[in-house]
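Inside the fold
Spelled out from the first residue to the last, the chains are:
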Amino acid sequence: DAGITQSPRHKVTETGTPVTLRCHQTENHRYMYWYRQDPGHGLRLIHYSYGVKDTDKGEVSDGYSVSRSKTEDFLLTLESATSSQTSVYFCAITAGGVNTEAFFGQGTRLTVV
Amino acid sequence: AQSVTQLDSQVPVFEEAPVELRCNYSSSVSVYLFWYVQYPNQGLQLLLKYLSGSTLVKGINGFEAEFNKSQTSFHLRKPSVHISDTAEYFCAVSKMDSNYQLIWGAGTKLIIKP
């Protein structure tokens, strides 16, 4: 299995609080992605990174920010959590862009109450 | 804009029967095509992909898919399913000039009946 770890695996937080999710990889892959998975929507890209300090927005980036200070770590921050951000969040990595195989973490189930 | 349609949200099938999971996409440019599988409470893993060449692609666990450019489809098939194939299957599309943007279908849950 590819070395990709998400933490925490489960979190319950209150509306209005900031939340940070961590993705850690040991594969030295260049590209890292944050997705959210909601029933009936498949996966939707939040943000992605193509190198250290190089990030860009996906299709559902509002309310989220990211940082990548090291190759191995990609952080997703919900600046002020809302109930609409209750979801399962997946981190993925690829070596050379999306035409190469994407490896996924186990997911983080976030509940905003 | 690209989009991916998985026509069935659930497909029930008896064990050892054949199955086809349907995927259609819309795009004005050439694309790469993928099928991923998600077992319960796990992340996704690649089943197979079409980048170029032969339109019939074979993947892991006995699955295969056929790219049909004229019908803009990439249906997934398996001749005989097993209880261990119970999972959700996702079709995804990427433009050939994109490094980051995979467009995902909503997923199809494959339910194997004993």
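Everything below is about the structure shown above.
The present account deals with the structure reproduced in this document. (Residues numbered from 1 in each chain as written. Chains lettered and ligands numbered in written order. Predicted model: local features only at pLDDT ≥ 70, side-chain atom pairs only at ≥ 80, totals over all residues. Heavy atoms only, no water.)

**Overview of the overall build of chain B**
Of the regular secondary structure elements, chain B holds 0 helices and 12 strands. Along chain B, from the amino end to the carboxyl end, the secondary structure elements read β-β-β-β-β-β-β-β-β-β-β-β. Taken against the 2.2 N^0.38 rule, which gives 13 Å for 114 residues, the C-alpha radius of gyration of chain B at 14 Å falls within 12% of a compact globule. Projecting the C-alpha coordinates of chain B onto the three principal axes gives extents of approximately 45 × 30 × 20 Å. Per-residue burial over chain B gives 46% buried out of 114 residues. Of the contacts formed within chain B by residues at least 6 apart in sequence, a portion of 56% connects residues at least 24 apart. Total accessible area on chain B is roughly 5500 Å²; 50% of this is exposed by carbon and sulfur atoms. Distance between charge centroids for chain B: 5 Å, based on 9 positive and 9 negative side chains. (Helix = DSSP H or I, 4+ residues; strand = E, 2+ residues; numbered from the N terminus. Rg over C-alpha atoms; globule rule 2.2 N^0.38 Å. Buried < 20%, exposed > 50% of the residue type's maximum accessible area, 1.4 Å probe, protein only. Contact = heavy atoms within 4.5 Å. Areas by Shrake-Rupley, 256 points an atom, 1.4 Å probe, with all protein chains shown as cover. Lys, Arg positive; Asp, Glu negative; His and termini not counted. Charge placed at Lys NZ, Arg CZ, Asp CG, Glu CD.)

**Some words on the nonpolar core**
All names here are of chain B. Among the nonpolar cores identified, the biggest contains 29 residues, and W35, L48, L76 and Y89 are the most heavily contacted of them. Of all the secondary structure elements, the ones that give two or more residues to this core are β2 (10–14), β3 (19–21), β5 (31–38), β6 (44–50), β8 (64–68), β9 (73–78), β10 (87–95) and β12 (108–113). Leave out the neighbours within four places in its chain, and L48 touches L33, F34, W35, V57, K58, G59, F63, E64, A65, F74 and L76. (Core = buried A, V, L, I, M, F, W, Y, C linked by side-chain atoms within 4.5 Å.)

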